[in-house]
Amino acid sequence: MKKSVKVRKIIFEILCEIHQKSINFDESYINFTKKNEFLNTQEKSMIYNVVLNSLRNYFFIDNILNNFLKKRTSKKIKILLVSGITQILY
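It should be emphasised that the depicted structure is a prediction, and the values quoted were computed from it without experimental measurement.

Enquirer: In this structure, what is going on with the packing of aromatic side chains? I would like to understand it.
Expert: To describe a pair of aromatic rings, you give the distance between the ring centres and the angle between the ring planes. If you walk through the whole model with that rule in mind, you get four aromatic pairs. Geometrically, the ring pair formed by Y58 and F59 is edge-to-face, given 5.6 Å between the ring centres and 80° between the ring planes. Classification of Y58 by relative accessible area gives buried; the value is 6%. With a relative accessible area of 63%, F59 lands in the exposed category. Each member of the aromatic cluster is reached from another via a ring pair, and the members are F25, Y29 and Y48. Note that K35 overlies the ring of F32, its terminal NZ or CZ placed 4.8 Å from the centroid.

Enquirer: Explain a nonpolar patch on the surface to me, please; I cannot follow it from the model alone.
Expert: A contiguous nonpolar surface patch, about 210 Å² in accessible area, is contributed by L69, I77 and L81. One can find L81 in helix α4 (residues 75-89).

Enquirer: Please explain helix α3 (residues 41-68) as it appears in this structure.
Expert: Structural remark: α-helix, 3.6 residues per turn; residues separated by three or four positions point the same way. The sharpest bend along α3 reaches about 60° and sits at Y58. Of the positions making up α3, those classed as buried are E43, I47, V50, V51, L52, N53, S54, N57, Y58, I61, D62 and L65. Sitting at the head of α3, N40 places a side-chain oxygen 3.2 Å from the backbone nitrogen of Q42.

Rules and cut-offs
- Residues numbered from 1 in each chain as written.
- Predicted model: local features only at pLDDT ≥ 70, side-chain atom pairs only at ≥ 80, totals over all residues.
- Heavy atoms only, no water.
- Phe/Tyr/Trp six-rings, centres within 6.5 Å; stacked < 30°, edge-to-face > 60°.
- Buried < 20%, exposed > 50% of the residue type's maximum accessible area, 1.4 Å probe, protein only.
- Lys NZ or Arg CZ within 6 Å of the ring centre and 35° of its normal.
- Patch = residues over 30% accessible without salt bridge, like charges linked within 9 Å, V, L, I, M, F, W, Y side chains within 5 Å.
- Areas by Shrake-Rupley, 256 points an atom, 1.4 Å probe, with all protein chains shown as cover.
- Salt bridge = Lys/Arg side-chain N within 4 Å of Asp/Glu carboxyl O.
- Helix = DSSP H or I, 4+ residues; strand = E, 2+ residues; numbered from the N terminus.
- Bend = angle between axes of the 7 residues up to and from the residue.
- Polar contact = N/O pair within 3.5 Å; in protein donor to acceptor, adjacent residues only side chain to side chain.

In structure tokens, the structure reads:
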């Protein structure tokens with residue numbers, strides 16, 4: 001798996017853990033960055049920024065997605081869409 005895909009997977013796992021298990025950002029971020037020691041500082045800062053911006057803008061983006069999505073979608077799909085939109089915006 002490419003390194004960029006691994007970074008995005010880490011972002012997704014952190015967001016899932018925050019939304020589903022109600023763990024705070026700091027604990028989740030530290031756990032996933034310690035597990036993956038291959039990350040350099042630039043990748044860690046990308047994870048940090050994307051996750052925090054996704055959390056900040058979650059309710060706005062979720063409201064927009066609800067207006068455009070016809071079917072009910074699972075929480076994981078919404079998390080993927082929010083993080084993808086956040087990566088495009090920032």
